[in-house]
Amino acid sequence: MLIKIPNHYGDDTVSACIQAGDFIFLAHHGGGQDVDDIVHQTRATLESMADTLAKVGATLDDVVQLNFYIKNVSDFRKGADVFREYFKNGAPARMTVVTEFVGPTCLCQMDGIAYKPKSSPCQN
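K.L.:
What's the story with a nonpolar patch on the surface in this structure? I'm lost.
P.N.:
Together, Phe23, Phe25, Val64 and Tyr115 make up a nonpolar patch on the protein surface, roughly 340 Å² of accessible area in all. The residue Val64 is located in strand 4 (residues 63–70) in this model.

If you want it as structure tokens, here you go:
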């Protein structure tokens, strides 16, 4: 059974997450784009992911894999260092990619996969 959680920004072509059995697939998370700072935006993005995960009874500790998309390679270290604040029980597997974004103020976005055995169905 697939359970889909809509995103918060009104684009019906992408879900914030899809729960498929014990796996939770997270897509298109970003945040804090009102501030031109990779640390601020990385924190806001991880908070957004945490909010989405809470809707399916999961936490960032359940994340097993993340893709960290950044606009500027020079922001890599500062952005990556933020992960220590959110993953105190060990970091997930992660890939970092440098790319352009549709939004001109966006410095980072993330997607990933979480694993939550016997997780409860998504709540809207």
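K.L.:
Would you take a moment to explain the sheet that holds strand 1 (residues 2–6) for this structure?
P.N.:
Sheet strands associate in pairs through backbone hydrogen bonding, adopting either a parallel or an antiparallel arrangement. Within the open sheet, the six strands sit side by side as 1-2-3-6-4-5. Their pairing is mixed. Two strands bound the open sheet, and with one partner strand each, they are strand 1 and strand 5 (93–98). Strand-to-strand, the axes of this sheet are offset by a mean angle of 10°, without reference to chain direction. One ladder, built from seven bridges, connects strand 4 with strand 6 (residues 108–115); its direction is antiparallel. Looking at strand 6, one finds that Asn67 is bridged to Asp111. Its contacts with the sheet place helix 1 (residues 38–54) against strand 2 (15–20), strand 3 (23–29), strand 4 and strand 6, and it is angled at close to 35° to strand 6. Packed on one face of the sheet, helix 2 (residues 76–86) meets strand 4, strand 5 and strand 6 and runs near 155° to strand 4.

K.L.:
When you look at the environment of Lys78 in this model, what are you seeing that I'm missing?
P.N.:
Take Lys78: it is sitting in helix 2. Residue classification places Lys78 among the partly exposed residues on the basis of a relative accessible area of 48%. On a C-alpha basis, the gap between Lys78 and Gln109 in space is 14 Å, while along the polypeptide they are 31 residues apart. Those residues in contact with Lys78 that lie beyond four places of it in its chain are Ile38 and Val39.

K.L.:
It is not clear to me how the nonpolar core should be interpreted in this structure. Could you clarify?
P.N.:
If you look at the biggest cluster of nonpolar residues, it comprises 25 residues, and the most contacted ones within it are Ile24, Leu46, Leu53, Val63, Leu66 and Phe87. Among the secondary structure elements, those contributing two or more residues to this core are strand 2, strand 3, helix 1, strand 4, helix 2 and strand 6. It is helix 1 that contributes the most residues to this core, five residues altogether. When near neighbours in sequence (up to four residues on either side) are disregarded, Leu46 contacts Leu60, Leu66, Val82, Phe83, Tyr86, Phe87 and Met110.

Conventions adopted
- Each chain has its residues counted from 1, running along the sequence as written.
- Only residues with pLDDT of at least 70 are given local features in this predicted model, and only at 80 or more are side-chain atom pairs given and counted; all residues enter the totals for whole chains, interfaces and linings.
- Only hydrogens and water are removed before side-chain values are computed, so all heavy atoms of the structure are retained for them.
- Every patch collects residues that have over 30% relative accessible area and no salt bridge, joining them within 9 Å if they carry like charges and within 5 Å if they are nonpolar side chains (Val, Leu, Ile, Met, Phe, Trp, Tyr).
- Using a 1.4 Å probe, accessible areas were evaluated by the Shrake-Rupley method; residue-level cover was limited to the displayed protein chains.
- By definition here, a salt bridge exists when the distance from a side-chain nitrogen of Lys or Arg to a carboxyl oxygen of Asp or Glu is within 4 Å.
- Elements are defined by DSSP. Helices are runs of H or I of four residues or more, strands are runs of E of two residues or more, and each kind is numbered from the N terminus.
- Here, any two strands with at least 2 DSSP bridges between them count as paired.
- A fitted line through C-alpha atoms serves as each axis, taken over the contacting stretch for helices, and the angle formed by two N-to-C directions is quoted from 0 to 180°.
- Only heavy atoms enter the contact rule, under which two residues are in contact if any of them lie within 4.5 Å.
- Note on classification: 1.4 Å probe, protein chains only; a residue is buried when its accessible area is under 20% of the maximum for its type, exposed when over 50%, partly exposed between these limits.
- To define a nonpolar core, start from buried Ala, Val, Leu, Ile, Met, Phe, Trp, Tyr and Cys residues and group those joined through side-chain atoms within 4.5 Å.

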